[in-house]
Amino acid sequence: DGPALAVVGVTGAVGQEFLRVLSDRDFPYRNLRLLASRRSAGRRIEFEGREYVVEELREESFAGVDVALFSAGGSVSREMGPAAVERGVVVVDNSSAFRMDPGVPLVIPEVNPDAMTHIRLAGRAKGALIANPNCSTIICLMAATPLHRHAKVVRMVVSTYQAASGAGAAAMEELEEQTREVLDGKQPTCKIFKQQYAFNLFSHNAPVLSNGYNEEEMKLVKETRKIWNDKDVKVTATCIRVPVMRAHAESVNLQFEKPLDEETARQILKGAAGVVVIDDRASNHFPTPLEVSNKDHVAIGRIRPDLSQEGNLGLDIFVCGDQIRKGAALNAVQIAEMLL
Ligand code: 2RA
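Here is a short report on the structure shown in this document. What you are looking at is a predicted structure, and each value in this text was computed from that prediction instead of being measured.

Attention now goes to the nonpolar core. In this structure, Phe62, Leu147, Met156, Leu254, Ile300 and Ile317 are the most contacted members of the largest nonpolar core, which totals 56 residues. In contact with isoleucine 300, other than residues within four places in its own chain, are Ala143, Leu269, Val275, Val276, Val277, Ile278, Pro287, Ile317, Phe318 and Val319. Ranked by size, the runner-up nonpolar core spans 44 residues in total, among them Ala36, Ile45, Val67 and Leu339.

Below is the structure:
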């Protein structure tokens, strides 16, 4: 009775997390196809008591499929996403390929579910494409949106501390390998990043644009405006890659149109979906990447008035979220659940 589901890019870090999340949330698929590149085709994957053979991704793979979760990179999404949509598939795409297309909803279910109210499986003959936002955008907006809804954010300044997982499983392996090499007094091997990663940090590895921002930073700027449906909100960001495995941390400064005091902000966040407030000044206990790793929620702390602003018009917060889970796989599966 549930949808015929396909997972595209199933052998990658996010693809594997799709399976964990589908199982954790008992997603009601009628049947499941696991698709990947020719290199991974033929691999056997045990899932929910059944053994699946990974199939090579081809256009024909989508025959009879109702919903496809994509996380195989932008080029695969650009090439195969529209082909799947033409076959009537509703595609939830984790790549950046279609996020800024006007006709493609960019959705965080707890933040802007109404962006996809017109897309449900029931009675649907045509396919559709829904874009999963970038992980650093999801994590930031899970925290900032409840406050924005209450006091209207007019400016947001974000500094991110992004985990290895955002650059894929190979980057996580590189971090581990380099850490061992450094501790063994060996020269660290740089394969994914051109500089040492262990015991270091560096400006995000995304290409730098002519305006001096890198693509990761401009995703935060543009995706926030689309998700909030607010082309005027001022956003700036600095994205840094840090030697942490799989959870991003973000320092967020918010300037509001209307006053918002820290206690009201704390109460709003405590009542917000998908968010946990960890804000214990007495014991200096605030969100950490390790504490949110493999968790569904985003953790928020360091909630305090921005003392450089007058009249409670500014607030500083610190946010952590699992990049592979809520930053990618969980958000996409929640979108798929909204189709049912
Ligand atoms: C990163 N946001 O962390 C990217 C992954 N999609 O590099």
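Right, picking up where we left off after that structure.
Now for the packing of helix α3 (residues 135-151) against helix α5 (residues 215-227). Helices that pack against each other are described as a pair by the angle of their axes relative to one another and the distance between those axes. The contact between α3 and α5 brings their axes to 9 Å, and the two run at 50°. Considering their axes alone, α3 and α5 lie oblique with respect to each other. The two elements α3 and α5 cross, and the hand of that crossing is right-handed. Contacts from Cys135, Ser136, Thr137, Cys140 and Leu141 of α3 reach α5 at Glu216, Lys219, Leu220, Glu223, Thr224 and Ile227. Along the lines of polarity and charge, the residues of the contact of α3 with α5 split into five nonpolar, three polar and three charged.

Before going further, it helps to spend a moment on the site of the ligand. In the vicinity of the ligand, the residues found are Asn134, Cys135, Gln162, Gly166, His204, Glu216, Arg241, His248 and Gln323. Between the ligand and glutamate 216 there is a distance of 2.4 Å, counted from a nitrogen atom to a side-chain nitrogen or oxygen. Contacts to the ligand include histidine 248, whose side-chain N or O atom sits 3.4 Å from an oxygen atom. Burial of the ligand by the protein chains amounts to 82% of its free accessible area of 240 Å². Counted by class, the shell around the ligand contains one nonpolar, six polar and two charged residues.

Thresholds, definitions, all that
Residues numbered from 1 in each chain as written. Predicted model: local features only at pLDDT ≥ 70, side-chain atom pairs only at ≥ 80, totals over all residues. Heavy atoms only, no water. Core = buried A, V, L, I, M, F, W, Y, C linked by side-chain atoms within 4.5 Å. Buried < 20%, exposed > 50% of the residue type's maximum accessible area, 1.4 Å probe, protein only. Contact = heavy atoms within 4.5 Å. Axes fitted to C-alpha atoms, helices over the stretch in contact; angles between N-to-C directions. Helix = DSSP H or I, 4+ residues; strand = E, 2+ residues; numbered from the N terminus. Parallel < 35°, antiparallel > 145°, perpendicular 65-115°, else oblique. Left-handed = near helix turned anticlockwise from the far one by under 90°. Nonpolar A, V, L, I, M, F, W, Y, C, P; charged D, E, K, R; others polar. Near = heavy atom within 4 Å. Polar contact = N/O pair within 3.5 Å; in protein donor to acceptor, adjacent residues only side chain to side chain. Areas by Shrake-Rupley, 256 points an atom, 1.4 Å probe, with all protein chains shown as cover.

The analysis is restricted to geometry; functional conclusions fall outside its scope.
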